[in-house]
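Secondary and tertiary structure notes
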Amino acid sequence: MRLRNITGSRETIGESIFVVHEPKEQKGKWRQLFGNEGPVHIEIGMGKGQFIYGLAARNPQINYVGIEKYSSVLLRAVQKMEAKPLTNLKLIRMEAEEIEEVFDIHEVDKIYLNFSDPWPKDRHAKRRLPSEAFLRRYDTILKPQGDLEFKTDNRDLFDFAVEQLEPAGWRADVITYDLHSDPQLMEGNIMTEYEEKFSSMGNPICKYIIRR
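To keep things clear, this report deals only with the structure shown in the data block. Just so it is clear, the model here is predicted, and its values are computed rather than measured.

1. Points about the overall build of the protein chain
- Broken down by element type, the protein chain carries 9 helices and 7 strands.
- For the protein chain, the C-alpha radius of gyration of 16 Å lies close to 17 Å, the compact-globule estimate for 212 residues.
- C-alpha atoms of the protein chain, sized along the principal axes, occupy 40 × 40 × 35 Å.
- Considering the protein chain as a whole, with its 212 residues, one finds that 50% of them fall into the buried category.
- Restricting to contacts in the protein chain with at least 6 residues of sequence separation, those with at least 24 account for 76%.
- Total accessible area on the protein chain stands at roughly 10,800 Å², and carbon and sulfur atoms take up 47% of it.
- Counting 31 positive and 34 negative side-chain charges, the protein chain places the averaged centre of each group 3 Å from the other.

Structural data, given as structure tokens:
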């Protein structure tokens, strides 16, 4: 997907009070930043922020951190926060590969991945967020009892993600290839922008919930 650069987006993000500008300095201190001892949930590759903003609005007792590497996309999440701020949501512009430099061992209670870049070429497999390489990173920062949820409409990426679980030492609590046809899993489901778009086109949405 080609992203359109938005003039001034980097500057706006750099000045925003809703963005953590030196996230590596918060390693091991995220609850201190939020000012409470609540759980910390993160979304890696949050896009425009519709999903994590909706979660944070619904669950004020949970601390959320949204991570996005593209300024022009993160800008939309900043605008949501400007329109209606939430005290339990922080935003970061960063590369996902740096996740272990930002969160300490077992500091995170839950991880969300939604409609991640499929990186379709085989040589880029390690860049895929549900790859074995990334699962090992998540294993470091996620609490032993924590879990990870992944949604996508890309069946090839989902099949790849499922294949990565065993070699990485993870197991699936839930696997579905048609999320929207499962009333139990859809209860409380918050759709991302992509989920709304692709499901409206008739594309089935795949989802898993995994843990070690």
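2. Some thoughts on unusual backbone geometry
- Phi at F115 is positive, roughly 50 degrees, even though this residue is not glycine.
- Within the fold, F115 resides in the loop between β4 (108-114) and α6 (132-141).

3. Focus on the environment of K84
- For K84, the location among the structural elements is in the loop between α4 (71-83) and β3 (89-93).
- As for K84 and A57, which are separated by 27 residues in sequence, their C-alpha atoms are 9.8 Å apart.

4. A few points about the packing of α6 against helix α7 (residues 155-168)
- Viewed as axis vectors pointing N to C, α6 and α7 meet at an angle of 55 degrees, and their least axial separation amounts to 9 Å. Taken together, the axis directions place α6 and α7 in an arrangement best described as oblique. For α6 against α7, the interelement crossing comes out right-handed. Of the residues in α7, those touching α6 at E132, L135 and R136 are Q164, L165, P167 and A168.
- Here the residues of the contact of α6 with α7 are counted per class, giving 4 nonpolar, 1 polar and 2 charged.

5. Quick notes on the side chain of K207
- Tracing the backbone shows K207 in strand β7 (residues 206-211).
- Among the residues examined, K207 registers a relative accessible area of 7% and is labelled buried.
- Polar contacts involving the side chain of K207 include one to the side chain of E149, which spans 3.1 Å.

6. Re α7
- A rise of 1.5 Å per residue sets the reference length of α7, with its 14 residues, at 20 Å; its end C-alpha atoms lie 20 Å apart and thus fit the reference within 8%.
- Along α7, the positions that sit buried rather than exposed are L157, F158, F160, A161, Q164, L165 and A168. Each buried residue of α7 lies within a common arc of 160 degrees when the element is viewed along its axis, so the set occupies one face. Turned more than 90 degrees off the buried face of α7, the exposed positions are D156, E163 and E166.
- Close packing links the buried residues of α7 with α6, β5 (142-152), β6 (171-176) and β7.
- In this structure N154 caps α7, since a side-chain oxygen of it lies 3.2 Å from the backbone nitrogen of D156.

7. Some points on the pattern of salt bridges
- Under the defined criterion, the tally for this structure stands at 15 salt bridges.
- Notably, a salt bridge pairs K69 with E95, separated by 4.0 Å at the nearest N-O pair. With K69 in the loop between β2 (63-68) and α4 and E95 in the loop between β3 and α5 (99-102), the pair connects residues that are 26 residues apart, well separated along the chain.
- Between R155 and D159 there is a salt bridge, with its nearest N and O atoms 2.9 Å apart. You can see R155 and its partner D159 sitting in helix α7, 4 residues apart, about one turn around the helix.
- Bridged by salt links that share partners, the residues K110, D147, E149, R171, D173, K207 and R211 form one connected network.

Procedures and definitions
Residues numbered from 1 in each chain as written. Predicted model: local features only at pLDDT ≥ 70, side-chain atom pairs only at ≥ 80, totals over all residues. Heavy atoms only, no water. Helix = DSSP H or I, 4+ residues; strand = E, 2+ residues; numbered from the N terminus. Rg over C-alpha atoms; globule rule 2.2 N^0.38 Å. Buried < 20%, exposed > 50% of the residue type's maximum accessible area, 1.4 Å probe, protein only. Contact = heavy atoms within 4.5 Å. Areas by Shrake-Rupley, 256 points an atom, 1.4 Å probe, with all protein chains shown as cover. Lys, Arg positive; Asp, Glu negative; His and termini not counted. Charge placed at Lys NZ, Arg CZ, Asp CG, Glu CD. Axes fitted to C-alpha atoms, helices over the stretch in contact; angles between N-to-C directions. Parallel < 35°, antiparallel > 145°, perpendicular 65-115°, else oblique. Left-handed = near helix turned anticlockwise from the far one by under 90°. Nonpolar A, V, L, I, M, F, W, Y, C, P; charged D, E, K, R; others polar. Polar contact = N/O pair within 3.5 Å; in protein donor to acceptor, adjacent residues only side chain to side chain. Expected span 1.5 Å × (residues − 1). Arc of directions from axis to C-beta. Salt bridge = Lys/Arg side-chain N within 4 Å of Asp/Glu carboxyl O.

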